[in-house]
Amino acid sequence: MKTHPEGFRFHEYLLFGAATLIALALCVCAGSVSIPLKDTAAVVWNAIWKLPMPEGISADAIILSVRLPRVLCVALTGASLSLCGAAMQGLLKNPLADGSTLGVSSGASLGAVVAIAFNITLPGLPFAGTVAMAMLFALASLLIILALAYKLDFSLSTNTIILIGIVYSMFVSSIMSLVITFAQDKVRHIVFWTMGSLQGTSYENALVLLVTLAAFGAAILLHARELNAFAVGEDNALSVGVNVRRVRLAMLVCVSAVIGVCVSIGGTIGFVGLVTPHMVRMLTGPNHRRLLPASLFAGAVFLLLADLAARTLMNPLELPIGVVTSFVGALAFVYIFYSSRKGKNRA
Amino acid sequence: MSVRYGELTILERVSFSVAPGDWLMIVGPNGAGKSTLLGAVSQAIPYEGKALFEGKDVARMKPALRARSMGMLAQSHAVAYSFSVGEIVRLGRYAYAPGVFSPRAGGDEVRVRDALEMTGMTGLIDQSVLTLSGGELQRAFLAQLFAQDPRLLLLDEPTNHLDLVYQQQVFALIGEWLRGAERAVVSVVHDLSLARMYGTRALLLDRGRIVSIGGTREVLARENLEKVYSMDVYGWMRELLSQWEE
């Protein structure tokens, strides 16, 4: 059997980083109008250093104001969702846990929808109302779902959690329909949240995602050893001396904050947090000191490619990105569920 | 301590103590509350009353200090991910460098290697725990407990799923560990012969109450066992043994 070293090593960071950069470059260049890499590089370079735009390139507007902000948002959202998925799968010792399967994303989008429908804003920051409500609803959803799950089945088995997640998502969508009937004038805006799309996102959005990921994502990354203990079992974590309650609460808050922000910007993009950590685990093994950083990069690459597919597959028609990820994710879900059941029967 | 789930009382004012060198065997029929008692002591199950370790309230101890004082081995382990044996055992050292920013304790790797060697798991260090047999898995978690090096071991039917060879190995290993300074073991066992063979003291539990506590031989006396198990335990044990006469 192959030995995995404990931490994520420098050359692995380089490798995963390079893959992410290549995916980023590909996504900026490709699209309804394809732009040569050389031109893209020149435009981005000159924009960064505030140099005049190179002669003979007409695509600078497409690159700088449409594609680049969108691609950055896609990469950051993918990295965030994937990291959260990996963290929750470890925390709950459940390979099917993810914002979308648990119903946390639905909860967050309800928060966002309520904020839009009733014009809830923070003074001075028009955008922050949606973000804050999405974060708050994500945390509340996680707490409700886990409280229910603990009450029904203390071991938090896969089936219980998934079932509660489904029921919770249905419950949330009924409330969402109710809210929509009260806010007919904003239907179009609200439907966007239920689809999941990063079309038309801005540099400000990317900055919000980056700050959130830097703060809460870093906290998740720093808890890799504790997550290892949880992934072996909560009783084992207790026995080896992990502060079980504090770590669990910290992780839930971080995950809710990150998912809340992602949802408020891109809507519910399902299954990213389910598919990527699962694929990454096959490469790195389950140790979170390797799994978490690798998931971060892999999530960015996965969502970038999904977004590229969404933009180009049915060109000129654009698919919502959530459609692509859910398509891939649903298949992966069945596969993981099947293989984890098979593993259980063998043991 | 007492443990109640709503109206249901699982343990009613159970009190006991262990001293260094003790191996206390908790015995009793199914549903007596043996595992619950161990779970409460290890802080996994909420309880009324107090658990003290060297005069300190265990519930108020920092988790890392508690883990350096006492460690728990469950009767079975449902592992969901393919951690290697080495990774499982290294988790045992968590309590010596807990939290996010604490530096690694010196000598960690030596402890891990010793624990692997003691349990005969050195050759399996890189093996995924998903591919281990029940006996190997239990020994991997025992190695984690040895690496954790607490002063008190809490064992919940440590050999429940193991065949005779492993059963003998695990009990011999724990007996060897107990010979170190200032150590004690509390274990739940079903097998009364094992309790008599390895235990220095015993606690007989029935329907959440202590029937008898003290030296193994007095506690496992004929009249105590007959009362609790409602059968002639001694007769049955002799009959089992007679199957092996040549």
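Let us look at the structure shown here. (Residues numbered from 1 in each chain as written. Chains lettered and ligands numbered in written order. Predicted model: local features only at pLDDT ≥ 70, side-chain atom pairs only at ≥ 80, totals over all residues. Heavy atoms only, no water.)

### Topic: the side chain of Thr216 of chain B
Residue and element names in this part refer to chain B.
Then, in step 1: Along the chain, Thr216 falls in helix H8 (residues 216-219).
Then, in step 2: Within polar-contact distance, the side chain of Thr216 engages the backbone oxygen of Thr200 at 3.3 Å.
Then, in step 3: Among the polar contacts listed, one links the side chain of Thr216 to the backbone nitrogen of Arg201, at a separation of 3.4 Å.
Then, in step 4: Excluding residues within four positions of it along the chain, Thr216 makes contact with Ala195, Arg196, Gly199, Thr200, Arg201 and Ala202. (Helix = DSSP H or I, 4+ residues; strand = E, 2+ residues; numbered from the N terminus. Polar contact = N/O pair within 3.5 Å; in protein donor to acceptor, adjacent residues only side chain to side chain. Contact = heavy atoms within 4.5 Å.)

### Describing the interface of chain A and chain B
Then, in step 1: Listed per partner, the contact involves 30 residues of chain A and 37 residues of chain B.
Then, in step 2: Summed over both sides, the interface between chain A and chain B buries roughly 2,700 Å², with carbon and sulfur atoms accounting for 57% of that surface.
Then, in step 3: Remark: the boundary between chain A and chain B carries zero salt bridges.
Then, in step 4: Going through the elements one at a time, helix H3 (60-91), helix H10 (224-232) and helix H11 (234-240) of chain A are the ones with two or more residues in the side of chain A that touches chain B.
Then, in step 5: Considering only residue class, the side of chain A that touches chain B consists of ten nonpolar, eleven polar and nine charged. (Buried area = accessible area lost by both parts, 1.4 Å probe. Salt bridge = Lys/Arg side-chain N within 4 Å of Asp/Glu carboxyl O. Nonpolar A, V, L, I, M, F, W, Y, C, P; charged D, E, K, R; others polar.)

### With respect to a nonpolar patch on the surface
Then, in step 1: A contiguous nonpolar surface patch, about 490 Å² in accessible area, is contributed by Trp45, Ile48, Trp49 and Leu51 of chain A.
Then, in step 2: Assessed through its relative accessible area of 53%, Trp49 of chain A is described here as exposed. (Patch = residues over 30% accessible without salt bridge, like charges linked within 9 Å, V, L, I, M, F, W, Y side chains within 5 Å. Areas by Shrake-Rupley, 256 points an atom, 1.4 Å probe, with all protein chains shown as cover. Buried < 20%, exposed > 50% of the residue type's maximum accessible area, 1.4 Å probe, protein only.)

### With respect to the layout of surface pockets
All names here are of chain B.
Then, in step 1: Here the second largest pocket defines a volume of roughly 520 Å³.
Then, in step 2: Lining the second largest pocket we find 23 residues, and of these Ser17, Val18, Leu52, Phe53 and Leu152 sit closest to its centre.
Then, in step 3: If you list the elements that add at least two residues to the lining of the second largest pocket, you get strand E4 (52-53) and strand E8 (184-188).
Then, in step 4: Partitioned by chemical class, the residues of the lining of the second largest pocket number 15 nonpolar, three polar and five charged. (1 Å grid on protein atoms, 1.4 Å probe; cavity = no way out; pocket = protein on both sides within 12 Å on 5 of 7 lines; lining within 4 Å. Points joined across faces, edges and corners; volume = space filled by probe spheres on them.)

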